[in-house]
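# Geometric and topological summary
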Amino acid sequence: MRTEGVVLEARPNTTFLVQLDAGPEILAHVGGKMRRHYIRILPGDRVVLEISTYDPEKGRIVYRK
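No experiment lies behind these values; they were computed from the predicted model shown.

## Digging into the nonpolar core
Ranked by size, the top nonpolar core spans 13 residues in total, and within it Phe16, Val18, Ile41, Val47, Leu49 and Ile61 carry the most contacts. If you list the elements that add at least two residues to this core, you get strand E2 (15-20), strand E3 (25-30) and strand E4 (46-51). Dropping the residues within four chain positions of it, Leu49 is found in contact with Met1, Arg2, Thr3, Val18, Leu20, Ile26, Ala28, Arg60 and Ile61.

In structure tokens, the structure reads:
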């Protein structure tokens, strides 16, 4: 499932705390192509996430707006 949110803080190992537009905060890591092309993500950036169906507390950042 894809959704949007705002990055609140950067954490170690390219993980981020993201506030979703729907309300909750989740932990997200950077997706493969974004990591390969060194796309920088800073607190305050709007991002598109794919949320895991198995653990809704975790997600993957696939696009930075």
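## So, the sheet that holds strand E1 (residues 2-11)
Strands sit in the order E1-E2-E3-E5-E4 around a closed barrel of 5 strands; the barrel is mixed. Each strand of the sheet is rotated relative to its neighbour by a mean of 55 degrees, with strand direction disregarded.

## What about the environment of Gln19?
Assignment of secondary structure puts Gln19 in strand E2. By relative accessible area, which is 24% here, Gln19 ends up partly exposed. For the pair Gln19 and Thr53, spaced 34 residues apart in sequence, the C-alpha separation works out to 18 Å. Setting aside residues up to four positions removed in sequence, Gln19 forms contacts with Gly5, Val6, Leu8, Pro24 and Glu25.

Cut-offs and rules
- Residues numbered from 1 in each chain as written.
- Predicted model: local features only at pLDDT ≥ 70, side-chain atom pairs only at ≥ 80, totals over all residues.
- Heavy atoms only, no water.
- Core = buried A, V, L, I, M, F, W, Y, C linked by side-chain atoms within 4.5 Å.
- Buried < 20%, exposed > 50% of the residue type's maximum accessible area, 1.4 Å probe, protein only.
- Helix = DSSP H or I, 4+ residues; strand = E, 2+ residues; numbered from the N terminus.
- Contact = heavy atoms within 4.5 Å.
- Pairing = 2+ DSSP bridges.
- Axes fitted to C-alpha atoms, helices over the stretch in contact; angles between N-to-C directions.

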